[in-house]
Amino acid sequence: MSKERLFVKLNRFSAWTLLILIIIFIISGYGMTKGIINPVFSKYLHEVLLPIPLFVFFVFHVGMGIRYAFLRWNLFNDKKVLDIYIFIITLSLLVLFLWLYFF
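This report concerns the structure included in the present document. Keep in mind the model is a prediction, meaning the values are calculated, not measured. Residue numbering note: each chain is counted from 1, following its sequence as written. At least 70 in pLDDT is required for a residue's local features to be given in this predicted model, at least 80 for side-chain atom pairs to be given and counted, and no such filter applies to totals for whole chains, interfaces and linings, which use all residues. Side-chain figures throughout are based on the complete set of non-hydrogen atoms in the structure, without hydrogens or water.

### Examining the packing of aromatic side chains
In this description, an aromatic ring pair is defined by two values, namely the gap between the centres and the angle between the planes.
Then comes step 1: Aromatic pairing here means that ring centres of Phe, Tyr or Trp (its six-membered ring) are within 6.5 Å. Orientation follows from the plane angle: under 30 degrees is stacked, over 60 is edge-to-face, and everything else is tilted. Evaluated as defined, the whole model comprises nine aromatic pairs.
Then comes step 2: Here the aromatic rings of Phe 13 and Phe 57 are separated by 6.1 Å at their centres, their planes lie at 65 degrees, and the arrangement is edge-to-face. You can see Phe 13 sitting in helix α1 (residues 3–34) and its partner Phe 57 sitting in helix α3 (residues 51–73), a full 44 residues away along the chain.
Then comes step 3: Any residue under 20% of the maximum accessible area for its type is buried, any over 50% is exposed, and the rest in between are partly exposed; the area is computed with a 1.4 Å probe on protein chains only. Overall, the relative accessible area of 22% leaves Phe 57 in the partly exposed class.
Then comes step 4: With a centroid separation of 5.3 Å and 20 degrees between ring planes, the pair formed by Phe 55 and Phe 97 is classed as stacked. The secondary structure listing takes helices from DSSP runs of H or I that are at least 4 residues long and strands from runs of E that are at least 2 residues long, numbered from the N terminus.

### Some points on the side chain of Asn 11
Then comes step 1: Topologically, Asn 11 is positioned in helix α1.
Then comes step 2: The exposure class of Asn 11 is buried, given its relative accessible area of 14%.

### Brief notes about the side chain of Thr 90
Then comes step 1: Tracing the sequence through the fold places Thr 90 in helix α4 (residues 79–102).
Then comes step 2: Whether two residues are in contact is decided by their heavy atoms: any pair within 4.5 Å suffices. Among residues more than four places away in sequence, those in contact with Thr 90 are Val 59, Phe 60 and Gly 63.

### Describing the layout of surface pockets
Then comes step 1: Every definition here rests on a 1 Å grid over the protein atoms only: cavities are sets of points where a 1.4 Å probe fits but cannot get out, pockets are open sets enclosed by protein on both sides within 12 Å along at least five of seven lines, and lining residues have some atom within 4 Å of a point. Grid points are joined across faces, edges and corners, and a volume is the space filled by probe spheres set on the points. Considering only enclosed or pocket space, the largest pocket measures out at about 180 Å³ in volume.
Then comes step 2: Looking at the largest pocket, the residues that line it are Phe 7, Phe 60, Gly 63, Met 64, Arg 67, Asp 83, Ile 86, Phe 87, Thr 90, Leu 91 and Leu 94.
Then comes step 3: Looking at the lining of the largest pocket, the elements that each hand over two or more residues are α3 and α4.
Then comes step 4: Ten residues, namely Ala, Val, Leu, Ile, Met, Phe, Trp, Tyr, Cys and Pro, are considered nonpolar, four, namely Asp, Glu, Lys and Arg, are considered charged, and the remaining ones, Gly among them, are considered polar. Class assignment for the residues of the lining of the largest pocket results in seven nonpolar, two polar and two charged.

### Observations concerning helix α2 (residues 39–49)
Then comes step 1: Within α2 the residues assigned to the buried category are Ser 42, Leu 45 and His 46. The buried residues of α2 occupy an angular sector of 90 degrees when projected down its axis, which confines them to one face.
Then comes step 2: Where α2 is buried, its residues contact α1 and α3.
Then comes step 3: Capping of α2 at its N-terminal end is provided by Asn 38; its side-chain oxygen lies 3.3 Å from the backbone amide nitrogen of Val 40. Throughout, the arc means that of the directions going from the helix axis to the C-beta atoms. Polar contacts here mean pairs of N or O atoms no more than 3.5 Å apart (in protein, one a potential hydrogen donor and the other a potential acceptor; neighbouring residues in sequence count only if both atoms are side-chain atoms).

### Considerations on the pattern of salt bridges
Then comes step 1: Within this document, salt bridges are pairs made up of a side-chain nitrogen of Lys or Arg and a carboxyl oxygen of Asp or Glu, the two lying within 4 Å of each other. Taken as a whole, this structure holds four salt bridges when the rule is applied.
Then comes step 2: A salt bridge links Asp 83 to Lys 3, with the shortest nitrogen-to-oxygen separation between them at 2.7 Å. Placement of Asp 83 in helix α4 and of Lys 3 in helix α1 is noted, with a sequence separation of 80 residues between them.
Then comes step 3: The exposure class of Asp 83 is buried, given its relative accessible area of 16%.
Then comes step 4: Put simply, Lys 79 and Glu 4 hold a salt bridge, and the shortest N to O gap is 3.7 Å. Here Lys 79, found in helix α4, pairs with Glu 4, found in helix α1; they are 75 residues apart in sequence, far enough to count as distant.

By themselves, these are just geometric observations and shouldn't be taken as functional.
See below:
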């Protein structure tokens, strides 16, 4: 399997996982406010369990989207340089989100 095909598969996996996490995040939010599920469990789910995986999959999905946009726009001649650039952007966003979450 080529690297490009692997990136496409990882991007699709992250998109579907992100969709499931967002749906669970919305349900847990309604669980806290409307009482459709146990409020204590929904608060734990909403504030403790879901944010980190949501951040990770969101940042990865956004990074892959930026990579494909840059490839379409021909901004980089070398794909290795583009991959390093996207890795730095993705890692920076992930560190920013985690810093905002923990501090």
